[in-house]
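# Observations on the model geometry
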Amino acid sequence: EIGDSMPLCGEGLGLDSIDVLELVLELERSFGVSITDEETGSRVLRSVDTIADFITAEGSRRPA
């Protein structure tokens, strides 16, 4: 079980670089967001909460 605020990498869930790449690709495909650089990825992929916040923020920037 993954808690919403549990860290996804390191001491938390322990995702490795391949897991992170697969997660980024799936987020981009499923939600139409773009994680273009390592800094953004580090900020966004901290936890489920930070991913949800990013998707929500990006969705509100797109025209309806």
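## Here's the deal with helix H1 (residues 17-31)
Along its 15 residues, H1 runs 21 Å from first to last C-alpha, staying within 8% of the 21 Å computed at 1.5 Å per residue. Between the side-chain oxygen at the start of H1 and the backbone nitrogen of Ile-18 there is a gap of 3.1 Å, and the oxygen is on Asp-16. Among the residues trailing H1, Gly-32 stands out with phi positive, at a value near 70°.

## A few points about the nonpolar core
In this structure, Leu-8, Val-24, Leu-27, Val-33, Ile-35, Val-44, Leu-45, Ile-51, Phe-54 and Ile-55 together form the largest nonpolar core, which totals ten residues. Where this core is concerned, the elements lending two or more residues are H1 and helix H3 (48-61). With three residues, the top contributor of residues to this core is H3. With residues up to four places along the chain from it excluded, the contact list for Val-24 reads Ile-35 and Leu-45.

## With respect to H3
Each α-helix turn comprises 3.6 residues. Residues three or four places apart therefore point the same way. Taking 1.5 Å as the rise per residue, H3 with 14 residues should run 20 Å; its terminal C-alpha atoms sit 20 Å apart, in good agreement. Looking at H3, one finds that the buried residues are Ile-51, Phe-54, Ile-55 and Glu-58. Relative to the axis of H3, the buried residues are bounded by an arc of 95° and lie together on one face. Exposed and oriented more than 90 degrees from the buried face of H3 are Asp-53, Thr-56 and Ser-60. Buried residues belonging to H3 abut H1 and helix H2 (38-44). Where H3 starts, the residue carrying a side-chain oxygen 3.3 Å from the main-chain nitrogen of Asp-49 turns out to be Ser-47.

## Re the confidence of the model for the protein chain
Scored by pLDDT, the protein chain comes out at a mean of 90, with 95% of its residues at no less than 70. Mean pLDDT per element in the protein chain: H3 is the minimum at 91, and H1 is the maximum at 95.

## Digging into the side chain of Thr-40
Along the chain, Thr-40 turns up in helix H2. Judged by its relative accessible area of 14%, Thr-40 falls in the buried class. Non-local contacts of Thr-40, meaning those with residues more than four positions away in its chain, are made with Ile-35 and Phe-54.

What counts, and where the lines are drawn
- Residue indices follow the written sequence of each chain, beginning from 1 at its first position.
- Since the coordinates come from a predicted model, pLDDT governs what is reported: local features require at least 70, and pairs of side-chain atoms require 80 or more to be given and counted, while whole-chain, interface and lining totals use all residues.
- Values reported for side chains reflect all heavy atoms of the structure, with hydrogen atoms and water molecules removed beforehand.
- Helical segments are the DSSP runs of H or I of at least four residues, strand segments are the runs of E of at least two, and each set is numbered from the N terminus.
- Here the expected length of a helix is defined as 1.5 Å per residue gap, with one fewer gap than residues.
- Polar contacts, as counted here, are pairs of nitrogen or oxygen atoms within 3.5 Å of one another; within protein the pair requires one atom able to donate a hydrogen and one able to accept it, and residues that are adjacent in sequence qualify only if both atoms are side-chain atoms.
- Side-chain atoms within 4.5 Å are what join buried Ala, Val, Leu, Ile, Met, Phe, Trp, Tyr and Cys residues into a set we call a nonpolar core.
- Accessibility here uses a 1.4 Å probe with only protein chains present; expressed as a share of the type maximum, an area under 20% marks a residue as buried, one over 50% as exposed, and anything in between as partly exposed.
- In what follows, residue pairs with any heavy atoms lying within 4.5 Å of each other are defined as contacts.
- An arc is given here, and it is the one of the directions from the helix axis to the C-beta atoms.
- Within a predicted model, pLDDT stands for the predictor's per-residue confidence, ranging from 0 to 100.

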